Every structure is written in structure tokens, then in C-alpha cells.
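A structural walkthrough
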Amino acid sequence: MSVSAQTSADAAGGAPGAARGRYARGRATQQEIIRTAILVFADVGFHGASLRDIAARVGISHPGLLHHFPTKVALLEAVLEYRDAVDEELFAQDVERGTDYFEALLHVVERNRLRRPLVELFAGLATEATSPDHPAHEYFQRRYARVLREQSRHLRERAARGGLAPGVDPDQAARTVVALMDGLQVQWLLSLERPGAERVDMAADLRGYLDLILR
């Protein structure tokens, strides 16, 4: 491209650098919208949340938010994908370092102590989404089915190596682990106003159960 042509492209905003700049700004705005939506959904639930309120908190117009997420359902899907991506990336890093699968689960629980808004979001949406007409209903159905399959598989593999306590059924244990993790999150949230020593220790309680079933 000639210098004059390059200059014309730059002036028109068509230069690769300009395009990358717009893309980066757009991505940054999307991430800010998602982070704000996490706080709002956690506070008032999906049905109580307003896209106009989220836009105002981000500092953009309502049409500006709709440019990135045309519906509240689309924003909810992005929030859930963000939560999963954060957990899955950190979990994968643990496993790649050679961490045992169930020890990596404990690390997830330990990290959740520092991510109250995400924990509140998950706990609230999981309850709301039991209704078949909730937009996250199918997401939670798929998520629980996937997590239970994965945990059952790991427990069966441990059982084959003699790594489960006698009489432990892998499928039942998988359901119990998932129920314990989710239930402890609710109890932990409700205990946060107590003195530190009286708060629920999610990781310690989960480890206590895993110590009973794993060998």
C-alpha cells in the first residue's frame, strides 16, 4: 500500500491498528458489562435485573449495552459462560500440574471464598432456574448432567484402583459431592455476618467427606 493510501485508510479508521483498537475497546466494554451483570444478577436475580440499570452502572447508554448484548437472556448466557470459563481454566491448570482431580475440586472451593459475587450469582440462579420457563433452566440441567458424569467417571476409576472406601457407590457419591458443594455455598453465604471463627469452612467440610470415601 502506498503512503497516501495508508494515510487515507488511517483517516477512515480502516487501518489494522485502528481496527484492533476498536476491537480491544469493545472487548473491554463487554467484560465490564459482564462483571457488572454478575453483581446485579447476584443482588436481585435475573428477573429483577434491568438492562438499563446495568448500562447506567457501567456508564454507557442502554442502546450501547444492547449493541453488545441484544437481550437480557444473551447477557445471562455470557455471564454463565464467563463463570464456567474462569473455573475450567483454573481447574485445568491444577490438573496439568499433576493435582489429583478431587484435590483440584477443593481448590475450586477455596477460591470461591474470594469470589462472593460469583457464588451468590450461582446460588441464586440455580434456585431460580428450577422453573422450566427460566432462561437458564437448560443450562443448569446440562451443567449438572455433565458434572455428575465427570465425577462418577473419576470415582469409578478410583474404585477400579482400590481408591474408594468399601460400600461406596460412585454414582451416589458423585451426587453427594455435588450437593455438598452447592449446599455449603449457601451455608457459607449465610454465615458471613458471623465472626470469622464461626463462618462455614466450605473446603474443610468437603475435605471431611472426601476423606470418608476416598482411599
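These lines cover the structure that appears in this document, whether it is placed above or below. Keep in mind that what you see is a predicted model, and the values were worked out from it rather than measured.

Moving on: the overall build of the protein chain. Helix and strand counts for the protein chain stand at 10 helices and 0 strands. Listed by position from the N terminus, the elements making up the protein chain come as α-α-α-α-α-α-α-α-α-α. Taking 2.2 N^0.38 as the reference for a compact globule, 215 residues should give roughly 17 Å; the C-alpha atoms of the protein chain span a radius of gyration of 22 Å, well beyond that estimate. Principal-axis analysis of the C-alpha atoms gives the protein chain an extent of 80 × 40 × 35 Å.

What follows covers helix H6 (residues 101-112). The end-to-end C-alpha separation of H6 is 17 Å, in line with the 16 Å expected for 12 residues at 1.5 Å each. Buried within H6 are the following residues: Tyr 101, Phe 102, Ala 104, Leu 105, Leu 106, Val 108, Val 109 and Asn 112. Buried-residue contacts for H6 involve helix H5 (72-96), helix H7 (116-128), helix H8 (137-160), helix H9 (170-191) and helix H10 (202-213). Two or three places before Phe 102, at the opening of H6, Asp 100 has a side-chain oxygen 3.0 Å from that residue's backbone nitrogen.

A few words now on the layout of surface pockets. Computed from the structure, the largest pocket encloses a volume of approximately 460 Å³. Asp 87, Leu 105, Val 108, Arg 143 and Val 147 are the residues nearest the centre of the largest pocket, which is lined by 22 residues in total. For the lining of the largest pocket, the secondary structure elements donating two or more residues are H5, H6, H8 and H9. Partitioning the lining of the largest pocket into residue classes produces 11 nonpolar, 3 polar and 8 charged. If you add up the space inside the second largest pocket, you get close to 220 Å³. Lining the second largest pocket we find 13 residues, and of these Glu 77, Leu 80, Glu 81, Tyr 139 and Arg 142 sit closest to its centre. The element best represented in the lining of the second largest pocket is H5, accounting for 6 residues.

Cut-offs applied
- Residues numbered from 1 in each chain as written.
- Predicted model: local features only at pLDDT ≥ 70, side-chain atom pairs only at ≥ 80, totals over all residues.
- Heavy atoms only, no water.
- Helix = DSSP H or I, 4+ residues; strand = E, 2+ residues; numbered from the N terminus.
- Rg over C-alpha atoms; globule rule 2.2 N^0.38 Å.
- Expected span 1.5 Å × (residues − 1).
- Buried < 20%, exposed > 50% of the residue type's maximum accessible area, 1.4 Å probe, protein only.
- Contact = heavy atoms within 4.5 Å.
- Polar contact = N/O pair within 3.5 Å; in protein donor to acceptor, adjacent residues only side chain to side chain.
- 1 Å grid on protein atoms, 1.4 Å probe; cavity = no way out; pocket = protein on both sides within 12 Å on 5 of 7 lines; lining within 4 Å.
- Points joined across faces, edges and corners; volume = space filled by probe spheres on them.
- Nonpolar A, V, L, I, M, F, W, Y, C, P; charged D, E, K, R; others polar.

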